[in-house]
Amino acid sequence: MKILFVCTGNTCRSCMAEAIFNHECSIEGASAESCGVYAIRNSKASINTVMTLMNEIDVNIAGREAVQLTRDHLEEAAYVLAMTSGIKKMLAESFPEFSGKIFTVSEFAGVDGEITDPYGGDMSVYRDTFVQLKRCTRNIMEKLKREMKKDDGGTVMRIALGSDHAGFELKSEVIRHLEKGEYELRDFGTCVPDSVDYPDYAAAVANEVAAGNFDLGILICGTGIGISIAANKIGGIRCALCGDTFSAHSCREHNDANILALGSRVTGPGLALDIVDTFLAAKFAGGRHQNRVDKITKLEGK
Ligand code: RB5
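If you're wondering where the values come from, they're calculated on a predicted model, not measured in any experiment.

Criteria and cut-off values
Residues numbered from 1 in each chain as written. Predicted model: local features only at pLDDT ≥ 70, side-chain atom pairs only at ≥ 80, totals over all residues. Heavy atoms only, no water. Pairing = 2+ DSSP bridges. Helix = DSSP H or I, 4+ residues; strand = E, 2+ residues; numbered from the N terminus. Axes fitted to C-alpha atoms, helices over the stretch in contact; angles between N-to-C directions. Contact = heavy atoms within 4.5 Å. Buried < 20%, exposed > 50% of the residue type's maximum accessible area, 1.4 Å probe, protein only.

1. Regarding the sheet that holds strand 6 (residues 183-187)
So, point 1. If you trace the five strands from one edge of the open sheet to the other, you get 6-5-7-9-8, paired in parallel fashion. What marks the edges here is a single partner per strand, and that holds for strand 6 and strand 8 (239-241). Each neighbouring strand pair of the sheet contributes to a mean axis angle of 20°, computed without reference to strand direction.
So, point 2. Summarising the sheet, strand 5 (residues 157-163) and strand 7 (residues 216-221) pair through five bridges and their orientation is parallel. Its bridge partner being in strand 7, Ala-160 is matched across the sheet by Gly-217.
So, point 3. Here helix 7 (residues 168-178) sits on the sheet and contacts strand 5, strand 6, strand 7 and strand 9 (259-263); the angle it forms with strand 5, its principal contact strand, is near 165°.

Printed below as a string of structure tokens:
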């Protein structure tokens, strides 16, 4: 699998990303190349790029010549990762047939912002770019590993998410966080901040989880109360509203909760993400708890 990093001149950012990726890559058969949309003939990797790579990862690319992007580069790459959204746009407009595999580095890595051009800056500016790229490269490799695992038929936890307008921002944060892990995510809305009714989103997620289309669900409204009450009306759903991590693992271990509810106006984002991680990592303990959960299920028939 070939990953193609693209910047403007291929003397700083993209060749730095290529070197980091190839140096750190632990994925069999995967490697990176880089090129520029306006590479100047015979230009070499900038001295500060060379020095930064030597200092940080002991890789020497001195004398490496800039490569001009061609259609073949795009054709051969599994993913084309542009340093900025401007470059991504230019590539997608010039080669619409490849637009499905063109992303910005940050977007593909699931981090905010763009990779800033260190050209003309001193060593500390180059080091900042290196740090940015290293972080992105790590995420990119994790993402590729997950994809390959999926292709091999490995199982990935499927999570359905939903919220009303009050939970919409926290839900976006939860999704950004989970995108860094090994999960298959589906957002059942709402996707805009306009006022909506939480039972509609509770039902959408709860029905999918109850049908077995997703392993677990996450629902968010202002307090987490309305959306959890609604979800618990669906047969087979055990939705637990949690505001602390103890409840988050206990509701999985003891109650086999299959949906986590959060209150965005009650629980701050830092704690909410810890609660989500705890909930997803915990396992149902079974044993005496199974008997109790069976009794809950029997109540559904009444
Ligand atoms: C919406 O204002 C709010 O009522 C809702 O998000 C939730 O808190 C309901 O329980």
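Following the structure, the description resumes.
2. Brief notes about unusual backbone geometry
So, point 1. In this structure, the amide linkage connecting Gly-189 to the following residue, Thr-190, adopts the cis form with an omega of -5°.
So, point 2. Along the chain, the position of Thr-190 falls in the loop between strand 6 and helix 8 (198-210).
So, point 3. A positive phi angle, close to 70°, is found at Asn-42, a residue other than glycine.
So, point 4. Mapped onto the secondary structure, Asn-42 falls in the loop between strand 2 (31-36) and helix 2 (47-57).
So, point 5. For Asn-42, a relative accessible area of 51% corresponds to the exposed category.
So, point 6. Even without being a glycine, Asp-58 presents a positive backbone phi close to 60°.
So, point 7. Turning to its location among the elements, Asp-58 is positioned in the loop between helix 2 and helix 3 (71-76).
So, point 8. By relative accessible area, which is 65% here, Asp-58 ends up exposed.

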